[in-house]
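Observations on chain architecture
Next come the chains, spelled out residue by residue.
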Amino acid sequence: MATLFIADLHLCSEEPAITAGFLRFLAGTAREADALYILGDLFEAWIGDDDPEPLHRQIALAIKDLVDSGVPCFFIHGNRDFLLGKRFARLSGMTLLPEEQVLNLYGRKILALHGDTLCTDDHGYQAFRKKVHQPWLKCLFLALPLFIRKRVAAKMRANSKASNSSKSMAIMDVNPQAVIDALERHQVQWMIHGHTHRPEIHSLSANGKPAFRCVLGAWHTEGSMIKVTAEDVELIPFEF
């Protein structure tokens, strides 16, 4: 009995090896799980469920096959695919979750989230995030013709890369107090997130007791998953 967590695959047509690795994961390891949680940035970019990119349908049908096999799949939006919507969720069979979700797994209460909201020292990013997550702006963007959305998304990615290149690694990591605040707000001792691409299980203290922050790795040169069982919480890298 195990529940699996993954994040930050950044799937795109330019990285076929990552796509192939994910498809093998869905057809193999994931089939043995009680459930699969994808904690954001499944895709490198998402400009709307109406994007006819063939990769999107391929991934949706592969996830649907996993769900149809009896393994439910849950999704929390990342900063790259926060516009992923109900149409894709229906096609893939995934259940969309809020940005912070408390899970009760084998006697552990675990807070699952993408992780970008914890990076509060990156004031520029947080201001940008607050702006683009406004419902009216999302609706306006999705109403634009597809070719314009593609141009806007490309421009935003270029700006993001340029901005991040001048930021320190510390600024782009989580703020320790933000982590504690989230654990105490939800009254939990365990947290699982992605986003920072720094796989590790960190020990800390929250709610007056030992606590743990489990960080998923990005799927750049290998896969990364967290496996939760009744006995343990493991961070597991694996070859594609």
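What comes next is a walk through the structure. (Residues numbered from 1 in each chain as written. Predicted model: local features only at pLDDT ≥ 70, side-chain atom pairs only at ≥ 80, totals over all residues. Heavy atoms only, no water.)

1. Re the sheet that holds strand E3 (residues 73-75)
The strands making up a sheet are joined through hydrogen bonds of the backbone, oriented either antiparallel or parallel. Here is the rule: One requirement defines pairing of two strands: DSSP has to find at least two bridges between them. Where helices and strands are cited, they refer to DSSP runs of H or I of at least four residues and of E of at least two residues respectively, numbered from the N terminus.
A sheet is described by the order of its strands in space; here six strands give the open sequence E4-E3-E2-E1-E10-E11, paired in mixed fashion. Unpaired on one side and paired on the other, strand E4 (95-96) and strand E11 (233-238) mark the two borders of the sheet. Where strand E2 (residues 35-38) and E3 come together, three bridges link them in parallel fashion. Residue pairing across strands places Leu 36 opposite Cys 73, the latter belonging to E3.

2. What to know about the environment of Ile 192
Cut-off, in case you're wondering: Contacts are assigned to residue pairs that have any heavy atoms within 4.5 Å of one another.
In this structure, Ile 192 sits in strand E7 (residues 190-193). Put simply, Ile 192 and Asp 232 are 40 residues apart on the chain and 14 Å apart in space, counted from C-alpha to C-alpha. Non-local contacts of Ile 192, meaning those with residues more than four positions away in its chain, are made with Phe 5, Leu 39, Ile 110, Leu 111, Ala 112, Leu 113, Cys 214, Leu 216, Ile 226 and Val 228.

3. Observations regarding the nonpolar core
Counted only if it meets this: Side-chain atoms within 4.5 Å are what join buried Ala, Val, Leu, Ile, Met, Phe, Trp, Tyr and Cys residues into a set we call a nonpolar core. Each residue's exposure class comes from its accessible area (1.4 Å probe, protein chains only) as a fraction of the maximum for that residue type: buried when under 20%, exposed when over 50%, partly exposed otherwise.
Counting 36 residues, the largest nonpolar core has Phe 22, Phe 25, Ile 38 and Leu 42 as the members making the most contacts within it. Put simply, the parts of the chain that give this core at least two residues each are strand E1 (3-6), helix H1 (16-27), E2, helix H2 (54-68) and E3. Among the elements that make up this core, the one with the highest residue count is H2 (six residues). Ignoring sequence-local partners within four residues, the contact set of Phe 25 consists of Leu 4, Ile 6, Ala 30, Leu 36, Trp 219, Met 225 and Phe 238. If you look at the next biggest cluster of nonpolar residues, it comprises 19 residues, including Phe 74, Leu 103, Ile 226 and Val 228.

4. What about the packing of aromatic side chains?
Two aromatic rings are characterised by how far apart their centres lie and by the angle between their planes. Rules: In this scheme Phe, Tyr and Trp rings, the latter by its six-membered ring, pair at centre separations within 6.5 Å, and the angle between planes marks the pair as stacked below 30 degrees, edge-to-face above 60, and tilted otherwise.
Within the structure shown, the criterion is met by twelve aromatic pairs. Their ring planes at 45° and their centres at 4.9 Å tell us that Phe 43 and Trp 46 sit as a pair that is tilted. With respect to class, Phe 43 is no different from Trp 46; both count as buried. Every member of this aromatic cluster is reached through a ring pair, and the members are Phe 22, Phe 25, Trp 219, Phe 238 and Phe 240.

5. Concerning unusual backbone geometry
The phi torsion at Asp 8 lies on the positive side, around 60°, for a residue other than glycine. With respect to the helices and strands, Asp 8 occurs in the loop between E1 and H1. Positive phi, close to 75°, is recorded for His 195, a residue that is not glycine. Counting through the fold element by element, His 195 comes out in the loop between E7 and strand E8 (200-206). Assessed through its relative accessible area of 17%, His 195 is described here as buried.

6. Re the pattern of salt bridges
Stated precisely, the cut-off is as follows: A side-chain nitrogen of Lys or Arg and a carboxyl oxygen of Asp or Glu constitute a salt bridge if their distance falls within 4 Å.
Scanning all chains against the criterion turns up eight salt bridges. Residues Asp 50 and Arg 149 are paired through a salt bridge, measuring 2.8 Å at the closest nitrogen-oxygen approach. Taken together, the positions of Asp 50 in the loop between E2 and H2 and Arg 149 in helix H6 (residues 146-164) put the pair 99 residues apart, joining distant regions of the chain. Between Arg 185 and Glu 100 there is a salt bridge, and its shortest N-O distance comes to 3.0 Å. In this pair, Arg 185 sits in helix H7 (residues 176-186) while Glu 100 sits in strand E5 (residues 100-105), placing the two residues 85 residues apart along the sequence.

7. Section: the pairing of strand E9 (residues 209-215)
Where E7 lies against E9, four bridges are found, and the strand directions are parallel. In the sheet register, Trp 190 faces E9, and the bridge partner there is Phe 212. As paired elements, E8 and E9 share seven bridges and run antiparallel to each other. Within E9, the position partnered with Ile 201 by the bridge is Cys 214. Here E8 folds back onto E9 in antiparallel fashion, the turn holding two residues, of which Asn 207 has a positive phi close to 55°.

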